Amino acid sequence: MTPSKNGLKAIAFIEALKGLMSLIVGLGIHVLAGENLQKIAESIVSHAHLNPASHFPSIFLHAASSITDSNMSLIALGALAYSLVRFVEAYGLWKAFVWTEWFALVSGAIYLPFEIYEIIFHTHILTVCVFLLNVVVVCYMASVLYSKRKKDTELLPPSKTS
């Protein structure tokens, strides 16, 4: 197996994991529809021994209290759609389809400005790690596509100029 195929399979695995996580979140949100989310969120924060007044737990609690049942259904459908896209991308990368290589490059590059914004204004180790992983994926996909294009142009016969 070539290094290019190994790299594509590694990225396919990452995309499949993202799809699986999104599917689990979507199903979890669907199961929680109609429940008292504020009470569940408070229970999670308490069980994790987090301070509800600190930054991230307070954001979590506020978000849980402001979600309506119709919003939960939309979020669950969005998570399902996102997971389907990630699974299709993972399959295509695993099979080395060129269109999914382009899709992986573009879909990864779209997130970079938002990740840079988050690093600048809300620096966190997780944000930096996600950004670096995304940069590696985007650069790798660009190099795979560039090498395929270079290989294709080398196979073309020389053009005749008169």
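Residues numbered from 1 in each chain as written. Predicted model: local features only at pLDDT ≥ 70, side-chain atom pairs only at ≥ 80, totals over all residues. Heavy atoms only, no water.

Side note on the overall build of the protein chain
Okay, step 1: Scanning the protein chain from N- to C-terminus turns up 6 helices and 0 strands.
Okay, step 2: Helices and strands appear in the protein chain in the N-to-C order α-α-α-α-α-α.
Okay, step 3: Whereas a compact globule of 162 residues would reach a radius of gyration of roughly 15 Å, the protein chain reaches 21 Å, over 25% beyond that.
Okay, step 4: The burial tally for the protein chain puts 26% of its 162 residues in the buried class.
Okay, step 5: By sequence separation, contacts in the protein chain at least 24 residues apart represent 62% of the contacts at least 6 residues apart. (Helix = DSSP H or I, 4+ residues; strand = E, 2+ residues; numbered from the N terminus. Rg over C-alpha atoms; globule rule 2.2 N^0.38 Å. Buried < 20%, exposed > 50% of the residue type's maximum accessible area, 1.4 Å probe, protein only. Contact = heavy atoms within 4.5 Å.)

Thoughts on the nonpolar core
Okay, step 1: Judged by nonpolar contacts, the single largest core of 15 residues is most densely connected at Leu8, Ile11, Leu93, Leu105 and Met141.
Okay, step 2: Elements that contribute at least two residues to this core include exactly helix H1 (3-32), helix H4 (69-94), helix H5 (98-121) and helix H6 (125-155).
Okay, step 3: Per-element accounting of this core gives the leading share, 5 residues, to H6.
Okay, step 4: If we ignore the near neighbours within four places in the chain, the residues touching Leu93 are Leu8, Ile11, Ala12, Glu15, Thr100, Glu101, Ala104 and Met141.
Okay, step 5: Among the nonpolar cores identified, the runner-up in size contains 8 residues, and Ala41, Val45, Leu61 and Met72 belong to it. (Core = buried A, V, L, I, M, F, W, Y, C linked by side-chain atoms within 4.5 Å.)

Observations concerning the packing of aromatic side chains
Okay, step 1: Following the criterion strictly, the structure yields 2 aromatic pairs and no others.
Okay, step 2: Relative to Phe97, the ring of Tyr91 lies with its centre 6.1 Å away and its plane at 65°, an arrangement referred to as edge-to-face.
Okay, step 3: Aromatic pair Tyr117 and Phe121: ring centres 4.7 Å apart, planes at 45°, arrangement tilted. In this pair, Tyr117 and Phe121 both sit in helix H5, 4 residues apart, roughly one turn of the helix.
Okay, step 4: Accessibility expressed as a relative area gives 43% for Tyr117, which makes it partly exposed. (Phe/Tyr/Trp six-rings, centres within 6.5 Å; stacked < 30°, edge-to-face > 60°.)

Considerations on the packing of H5 against H6
Okay, step 1: At a minimum axis separation of 8 Å, H5 and H6 run at an interaxial angle of 150°. Considering the angle they form, H5 stands roughly antiparallel to H6. Pair H5 / H6 crosses with left-handed handedness. (Axes fitted to C-alpha atoms, helices over the stretch in contact; angles between N-to-C directions. Parallel < 35°, antiparallel > 145°, perpendicular 65-115°, else oblique. Left-handed = near helix turned anticlockwise from the far one by under 90°.)

As for the confidence of the model for the protein chain
Okay, step 1: Averaged over every residue, the pLDDT of the protein chain is 89; residues scoring 70 or more account for 94%.
Okay, step 2: Confidence, expressed as mean pLDDT per element, reaches its minimum in the protein chain at helix H3 (residues 55-66) with 86 and its maximum at H5 with 94. (pLDDT = per-residue confidence, 0-100.)

Comments concerning a nonpolar patch on the surface
Okay, step 1: There is a patch of nonpolar side chains on the surface, built from Phe13, Leu17, Leu20, Ile24, Leu74, Leu77, Leu80, Leu84 and Phe87 and spanning about 870 Å² of accessible area.
Okay, step 2: For the nonpolar patch, the elements supplying multiple residues, two or more each, are H1 and H4.
Okay, step 3: Top element by residues in the nonpolar patch is H4. It accounts for 5 residues.
Okay, step 4: Secondary-structure assignment places Phe13 in helix H1. (Patch = residues over 30% accessible without salt bridge, like charges linked within 9 Å, V, L, I, M, F, W, Y side chains within 5 Å. Areas by Shrake-Rupley, 256 points an atom, 1.4 Å probe, with all protein chains shown as cover. Salt bridge = Lys/Arg side-chain N within 4 Å of Asp/Glu carboxyl O.)

Points about the pattern of salt bridges
Okay, step 1: Taken as a whole and judged by the stated rule, the model has 4 salt bridges.
Okay, step 2: Linking Lys18 and Glu15 is a salt bridge whose minimum nitrogen-to-oxygen distance equals 3.3 Å. Of this pair, Lys18 and Glu15 both sit in helix H1, 3 residues apart, which is roughly one turn of that helix.
Okay, step 3: Accessibility expressed as a relative area gives 26% for Lys18, which makes it partly exposed.
Okay, step 4: For the salt bridge of Arg86 with Glu89, the shortest nitrogen-to-oxygen distance reads 2.2 Å. Taken together, the residues span about one helical turn, with Arg86 and Glu89 both in helix H4 at a distance of 3 residues. Here the two residues Arg86 and Glu89 agree in accessibility, since each one is buried.

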